[in-house]
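Per-entry structural report
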Amino acid sequence: MPKNFYITTTLPYVNADPHIGFALEIVQADVIARYHAQNGDTVFFNTGTDEHGLKVYQKAREEGKDPQAYTDELAPRFDRLKQGLNLSYNHFIRTTDSHHISAAQEFWKRCAANGDIYSKTYQVKYCVGCELEKTESELEDGHCIIHPNLELEIIDEENYFFRFSKFGPQLLEFYKAHPDFVVPDFRFHEIKNFVENGLQDFSISRLKEKMPWGVPVPGDDTQVMYVWFDALINYISTIGWPEDEANFAAFWGTEQAPGGVQAAGKDNLRQQSAMWQAMLMSAGLPNSKQILIHGFINSGGHKMSKSLGNVIDPFVVLDDLQKLGLTPIQATDALRYFLLREISTFEDSDFTWERFKESYTANLVNGIGNLTSRVMKMAISAEIELNIADLDSQPVHEADKDYRDLLERYELQKCADLVWEHIAWCDRFIQEHEPFKVIKTDPEKARADIMILLLALWQIANWLAPFLPSSSEQITEILKNPKLENIPRLFPRLE
Ligand SMILES: [Zn+2]
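Residues numbered from 1 in each chain as written. Predicted model: local features only at pLDDT ≥ 70, side-chain atom pairs only at ≥ 80, totals over all residues. Heavy atoms only, no water.

**Let's talk about the overall build of the protein chain**
Here is the rule we go by: The helix count covers DSSP runs of H or I at least four residues long, the strand count covers runs of E at least two residues long, and both are numbered beginning at the N terminus. Classification of residues uses two cut-offs on accessible area relative to the type maximum, computed with a 1.4 Å probe and protein chains only: under 20% is buried, over 50% is exposed, and between them is partly exposed. In this description, accessible areas are obtained by the Shrake-Rupley approach with a 1.4 Å probe, and a residue is regarded as covered only by the protein chains that are shown. By the counting scheme adopted, Arg and Lys are positive, Glu and Asp are negative, and His together with the chain ends is not counted. We put the charge of a Lys on NZ, of an Arg on CZ, of an Asp on CG and of a Glu on CD.
The helix and strand tally for the protein chain stands at 19 helices and 18 strands. Looking at the 495 residues of the protein chain, the share that counts as buried comes to 57%. When the accessible surface of the protein chain is summed, it comes to about 21,800 Å², and 49% of that surface belongs to carbon and sulfur atoms. Separation between the mean location of the 48 positive side-chain charges and that of the 73 negative ones in the protein chain comes to 3 Å.

**Let's talk about the sheet that holds strand E13 (residues 220-225)**
For the record, the criterion: Only when DSSP finds a minimum of two bridges between them are two strands counted as paired. Any two residues whose heavy atoms approach within 4.5 Å at even a single point are treated as in contact. Each axis is a line fitted through C-alpha atoms, taken for helices only over the stretch in contact, and angles between the N-to-C directions span 0 to 180 degrees.
Spatially, the three strands line up as an open sheet ordered E11-E13-E12, and their pairing is antiparallel. At either end of the open sheet lies a strand with only one pairing partner, and these are strand E11 (205-207) and strand E12 (216-217). The sheet contact formed by E12 and E13 spans two bridges and is antiparallel. In the sheet register, Pro216 faces E13, and the bridge partner there is Val224. Lying on the sheet, helix H5 (residues 98-113) is in contact with E11, E12 and E13; it crosses E13 at an angle near 105°.

**Section: the pattern of salt bridges**
Stated formally: The working definition used for a salt bridge is a side-chain nitrogen of Lys or Arg within 4 Å of a carboxyl oxygen of Asp or Glu.
Within this structure, the stated rule accounts for 23 salt bridges. The residue Asp348 makes a salt bridge to Lys266 at a minimum N-O spacing of 2.7 Å. Of this pair, Asp348 sits in the loop between helix H13 (328-342) and strand E18 (349-351) while Lys266 sits in the loop between strand E14 (260-265) and helix H11 (269-283), and the two are 82 residues apart along the sequence. Counted as one network, the salt bridges with shared partners bring together Asp30, Arg34 and Arg336.

**A word on the layout of surface pockets**
Applicable threshold: Grid spacing is 1 Å over the protein atoms alone, the probe is 1.4 Å, and a cavity is where that probe fits but cannot get out, while a pocket is an open set with protein on both sides within 12 Å along at least five of seven lines and lining residues have an atom within 4 Å of a point. Grid points are joined across faces, edges and corners, and a volume is the space filled by probe spheres set on the points.
Counted as a void, the second largest pocket has a volume near 650 Å³. Lining of the second largest pocket is provided by 23 residues; of these, Val396, His397, Trp458, Gln459 and Asn462 occupy positions nearest its centre. Elements represented by at least two residues in the lining of the second largest pocket include exactly helix H1 (20-38), helix H15 (400-408), helix H16 (412-433) and helix H18 (443-464). Looking at which element gives the most residues to the lining of the second largest pocket, the answer is H18, with eight residues.

**Section: H15**
Stated precisely, the cut-off is as follows: Here the arc refers to the set of directions running from the helix axis out to each C-beta atom.
Burial in H15 covers these residues: Asp400, Tyr403, Leu406 and Leu407. Projection of H15 onto a plane perpendicular to its axis shows the buried side chains occupying an angular sector of 130°, all on one side. Buried residues along H15 sit in contact with H1, H16 and H18. Where H15 ends, the next residue or the one after it, Tyr410, has phi of about 65°, a positive value.

**Quick notes on the packing of aromatic side chains**
Note the threshold: Centre distance within 6.5 Å is the pairing criterion for rings of Phe, Tyr and Trp, where only the six-membered ring of Trp is used; planes under 30 degrees apart are then read as stacked, over 60 as edge-to-face, and the remainder as tilted. Distance and angle both matter: a charge sits over a ring if NZ of Lys or CZ of Arg is within 6 Å of the ring centre and within 35 degrees of the ring normal.
Per the stated rule, a full pass over the model turns up 35 aromatic pairs. Pairing Phe174 with Phe181 gives two aromatic rings, centres 4.8 Å apart and planes at 80°, and the pair type is edge-to-face. We note that Phe174, like Phe181, is buried. Relative to Trp276, the ring of Trp252 lies with its centre 6.2 Å away and its plane at 65°, an arrangement referred to as edge-to-face. With a gap of 24 residues between them, Trp252 in the loop between helix H10 (245-251) and E14 and Trp276 in helix H11 connect regions that are remote in the sequence. Each member of the pair, Trp252 together with Trp276, is buried. Against the face of Phe315 rests Arg80, its NZ or CZ located 3.9 Å from the ring centre. The ring of Tyr126 has Arg206 lying over it, and the distance from NZ or CZ to the ring centre is 4.8 Å.

**Concerning the environment of Gly129**
Residue placement: Gly129 occurs in the loop between strand E4 (117-127) and strand E5 (132-134). Residues Gly129 and Glu151, 22 residues apart in the sequence, show an inter-C-alpha distance of 9.5 Å. If we skip the residues at most four places from it in the chain, Gly129 touches Lys55, His147 and Leu150.

**Overview of the coordination of the zinc ion**
Between any two of four tetrahedral donors, the ideal angle at the metal is 109.5 degrees; between two of six octahedral donors, it is 90 or 180 degrees. Rules: Metal coordination here is assigned from N, O and S atoms located within 2.8 Å of the ion, or within 3.2 Å for Na, K and Ca; omission of water means that sites may look incomplete.
Every protein donor of the zinc ion is accounted for by Cys127 (SG), Cys130 (SG), Cys144 (SG) and His147 (ND1), and the metal-donor separations fall at 2.1 to 2.3 Å. Coordination of the zinc ion draws on donor residues from a single chain, spaced C-x2-C-x13-C-x2-H in sequence. Here the residue Cys127 occupies a position in strand E4, and His147 occupies one in the loop between strand E7 (143-144) and strand E8 (153-162), the gap between them amounting to 20 residues. With relative accessibility at 22%, the residue His147 sits in the partly exposed group.

**Focus: the state of the cysteines**
As a reminder, the rule being used: A pair of cysteine sulfur atoms is labelled a disulfide when the two atoms are within 2.5 Å.
Under the definition given, this model contains zero disulfides. Just so you know, Cys415 is unpaired, no disulfide at all, and the nearest cysteine sulfur is the one on Cys426, 16 Å from it.

**Notes on the nonpolar core**
How we decide: Residues belong to one nonpolar core when they are buried, are Ala, Val, Leu, Ile, Met, Phe, Trp, Tyr or Cys, and are joined through side-chain atoms within 4.5 Å.
Grouped together as the largest cluster of nonpolar side chains are 169 residues, with contacts concentrated most on Phe107, Leu171, Phe229, Trp276, Ile368 and Phe467. Those residues in contact with Leu171 that lie beyond four places of it in its chain are Phe164, Val195, Leu199, Ala274, Gln277, Ala278 and Met281.

**Digging into the pairing of E8**
Direction of pairing for E4 relative to E8: antiparallel, over a ladder of ten bridges. Looking at the pairing, Tyr122 lines up with Glu157 of E8. Pairing of E8 with strand E10 (residues 202-203) involves two bridges; the strand directions are antiparallel. In the strand pairing of E10, Phe162 is matched with Phe202.

**Structural notes on unusual backbone geometry**
In this model, Val183 is joined to Pro184 through a cis peptide bond whose omega is 0°. Here the bond from Trp241 into Pro242 is cis, since omega is 5°, no more than 30 degrees from zero. Structurally, Pro242 can be placed in the loop between helix H9 (234-237) and H10. The residue Glu383 is not glycine, and still its phi comes out positive at about 55°. Relative to the helices and strands, Glu383 resides in the loop between helix H14 (353-381) and H15.

What follows is the structure in structure tokens.
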């Protein structure tokens, strides 16, 4: 039954170029969004940019720019991913949008009214890379483990705090009642352990004189909100909270029927599945429905870092593919393919050009590309066509249920594996039945076999639609309008 479906990515900071890890996150979310749209659901797919905070402020100052002008220049670089990766998101939020700012202030007021915000003087080491306070046990050689090249900030001032510690028992109860709240399971265990070990209140503001680039704290113009009470609110401000109650209920859902699905990286596990959930509880709002946590992409066996010079930029990958002879559309699907099938959906994976080229040739040039042209050539020369109007009455493919089960459990890599197993099945079928030869001796049998292949190709195109949208479209087109001169060359051999 069609329904509303909401999914969001995290919001990357605008002060660096989009990297391949975020490309992975947004392509994963895109597959899930496209799958729901294909099933007739009304989809709200949100992404955007996080534009306040110390990193942005410092970088703008370094470049001698006003922070708003600086973020205005940078935000479109993220929105360009839409075309580069063929994404279907329909809302791009910037945390400097005026509606977002007023929503963040309203959210703060509700938590304050419930007694969950207080001020105190404190001294702490803070990682600007993670935007998290760090205790000694979380440091290695005095540095953040994830950001060993960043100096920790020492903060010593009076700030507002969120009473996170109060929500431990409520969070654990919530996790218990929602056994698939965090996907995959091993990340869910991780966050349960974290909450079970006891929570520390976290600071949610900064002195405005030290950090002028933030949302003003309601009722205190010496302070601005810091990171989480600003950035995380985007998940609901984007659907019009607090004014648009109908839209909020339609997409974020209710406590009984939550709707918000959030995709994030493993470095965001704590923020998404514990901090944000406690904030929602404090504000008296429904929790998220599910949190999907992907791993990191390493480059040549190493964690990507600016100092190692091995950060992979998705736009550079797309350019390089075009230099190797691909059209922009082919490059997009080739990159989507690699991210969805060759990169693990949940675990850390390695990105190397060697693997990229190998899997491109094996599974796109051969694999789906070769299958499409072989089947279409046989069908056209034997003058066999699918009756497209009849296809809706065809029995559902026996593997379709598995495909849907996998997709609904967000097992994208396994789901893509299933599609390529069927591509391989078709290749074996051609090899064993040789319809191109049999057509001369037993045309009736050959024609039946070619029809089986056409139906299989139609099914494969449908399954591929959320993963490789334009390749799927081209296969569907040639099936509808089979002419030798129109057979698409889905993926060229690399030059
Ligand atoms: Zn860090």
